[in-house]
Amino acid sequence: GDYDVDGVTSASLLKRCLEKLGCKVYAHVPHRIREGYGIHTDAIKKAHEMGAKLLLTCDCGTSAANQIAMAHEFGMRVVVTDHHEIGDSKVEAEAFMNPHRTDSEYGFKELCGVGVVFRLCEGLTSELGHNIDNFRRAYLDLATLGTIADMMPLHGENRIIVWHGLQRIQESRKPG
């Protein structure tokens, strides 16, 4: 993840959802001072030492070519979920979800990191035959918090996420 609210809610949502689907997940949010923004090489080394086979990014990774290459050298597969502008970097991951990709057919470009993760997990939940309404009830609060904190424009999908999510926040049992 990343250390801002969008990154923390992204990592939390992805971890909670994947665990609910039966995966073993370790989440890492970098220390703002010691590690800084993005994927830190120490985190990749630690994941390798823990036996990770897959590295998933949340709200980062679009400009992390060297770190992704390092993960590949350790035998990990990489899935990048991000929403930051792409620029000139080329991501060599097994999957790269970013609504700003020039080849993206996704109709809404202004999702934040947690919005991208929300849509990924929503798709996984549906594809695996789980109840999509239960998924939305469980995670709209996190998607809303990250969307608002990242100051995303409140129109289109963001408006829908926030409108429904504000109701879920009032009912949430999640600490904080």
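Keep in mind that this is a model prediction, so the values were computed, not measured.

**Q** What is the right way to read the overall build of the protein from this model?
**A** Across its full length, the protein carries six helices and three strands. Secondary structure elements in the protein, listed N-terminal to C-terminal, are α-α-β-α-β-β-α-α-α. With respect to the three principal axes, the spread of C-alpha positions in the protein is 45 × 35 × 35 Å. Across the protein, every contact between residues at least 6 apart in sequence was considered, and the portion connecting residues at least 24 apart equals 55%. Summed over its atoms, the accessible surface of the protein is roughly 10,000 Å², and 53% of this surface lies on carbon and sulfur atoms. In the protein, which carries 20 positive and 24 negative side-chain charges, the distance between the mean positions of the two groups comes to 8 Å.

**Q** Which parts of the structure should I look at to understand the nonpolar core?
**A** Note on soluble globular proteins: their nonpolar side chains tend to be buried together. Ranked by internal contacts, the top residues of the largest apolar core, which has 22 residues, are L13, L14, V117, F118, C121, F135 and Y139. Per-element accounting of this core gives the leading share, six residues, to helix α4 (residues 113-127). In contact with L13, other than residues within four places in its own chain, are V114, V117, F118, C121, Y139, L142 and A143. Ranked by size, the runner-up nonpolar core spans 15 residues in total, among them A64, M76, I86 and V91.

**Q** Any chance you could explain the pattern of salt bridges here in plain terms?
**A** Where charged atoms from two side chains of opposite charge approach closely, those side chains can pair. Per the stated rule, a full pass over the model turns up nine salt bridges. Taking the shortest distance from any N to any O, the salt bridge between E19 and K15 comes out at 2.4 Å. Of this pair, E19 and K15 both sit in helix α1 (residues 5-20), four residues apart, which is roughly one turn of the helix. Judged by its relative accessible area of 25%, K15 is partly exposed.

**Q** Please clarify how a nonpolar patch on the surface should be interpreted in this entry.
**A** A contiguous nonpolar surface patch, about 380 Å² in accessible area, is contributed by V5, L145, I148, L166 and I169. Those elements that provide at least two residues to the nonpolar patch are α5 (132-149) and α6 (156-171). With respect to the secondary-structure elements, V5 resides in helix α1.

**Q** It is not clear to me how the sheet that holds strand β3 (residues 95-97) should be interpreted in this structure. Could you clarify?
**A** Where strands meet in a sheet, backbone hydrogen bonds hold them as pairs that are either parallel or antiparallel. Spatial strand order, β1-β2-β3: three strands in an open sheet with parallel pairing. In this open sheet, the two edge strands, each paired with only one partner strand, are β1 (54-58) and β3. Within this sheet the neighbouring strands show an average axis-to-axis angle of 10°, counted without direction. Here strand β2 (residues 77-81) pairs with β3 via three bridges, running parallel. Note that in β3 the partner of T81 across the bridge is M97. Contacts from α4 reach β1, β2 and β3 within the one sheet, and its direction differs from that of β2 by about 120°.

**Q** Explain α1 to me, please; I cannot follow it from the model alone.
**A** For α1, which comprises 16 residues, the first-to-last C-alpha distance of 22 Å matches the rise-based estimate of 22 Å (1.5 Å per residue) to within 8%. When we look at burial in α1, the residues that qualify are D6, G7, T9, S10, A11, L13, L14, C17 and L18. Those residues of α1 that are buried lie in contact with β1, α4 and α5. Among the residues trailing α1, G22 stands out with phi positive, at a value near 100°.

**Q** Would you mind showing me how to read the side chain of S10 here?
**A** Note on placement: S10 falls in helix α1. According to the relative accessible area criterion, S10 is buried, its value standing at 0%. Reaching out from S10, the side chain makes a polar contact with the backbone oxygen of D6 at a distance of 2.6 Å. Ignoring anything within four residues of it in the chain, the contact list for S10 reads C58, D59, G113, V114 and V117.

The rules behind the values
- Residues numbered from 1 in each chain as written.
- Predicted model: local features only at pLDDT ≥ 70, side-chain atom pairs only at ≥ 80, totals over all residues.
- Heavy atoms only, no water.
- Helix = DSSP H or I, 4+ residues; strand = E, 2+ residues; numbered from the N terminus.
- Contact = heavy atoms within 4.5 Å.
- Areas by Shrake-Rupley, 256 points an atom, 1.4 Å probe, with all protein chains shown as cover.
- Lys, Arg positive; Asp, Glu negative; His and termini not counted.
- Charge placed at Lys NZ, Arg CZ, Asp CG, Glu CD.
- Core = buried A, V, L, I, M, F, W, Y, C linked by side-chain atoms within 4.5 Å.
- Buried < 20%, exposed > 50% of the residue type's maximum accessible area, 1.4 Å probe, protein only.
- Salt bridge = Lys/Arg side-chain N within 4 Å of Asp/Glu carboxyl O.
- Patch = residues over 30% accessible without salt bridge, like charges linked within 9 Å, V, L, I, M, F, W, Y side chains within 5 Å.
- Pairing = 2+ DSSP bridges.
- Axes fitted to C-alpha atoms, helices over the stretch in contact; angles between N-to-C directions.
- Expected span 1.5 Å × (residues − 1).
- Polar contact = N/O pair within 3.5 Å; in protein donor to acceptor, adjacent residues only side chain to side chain.

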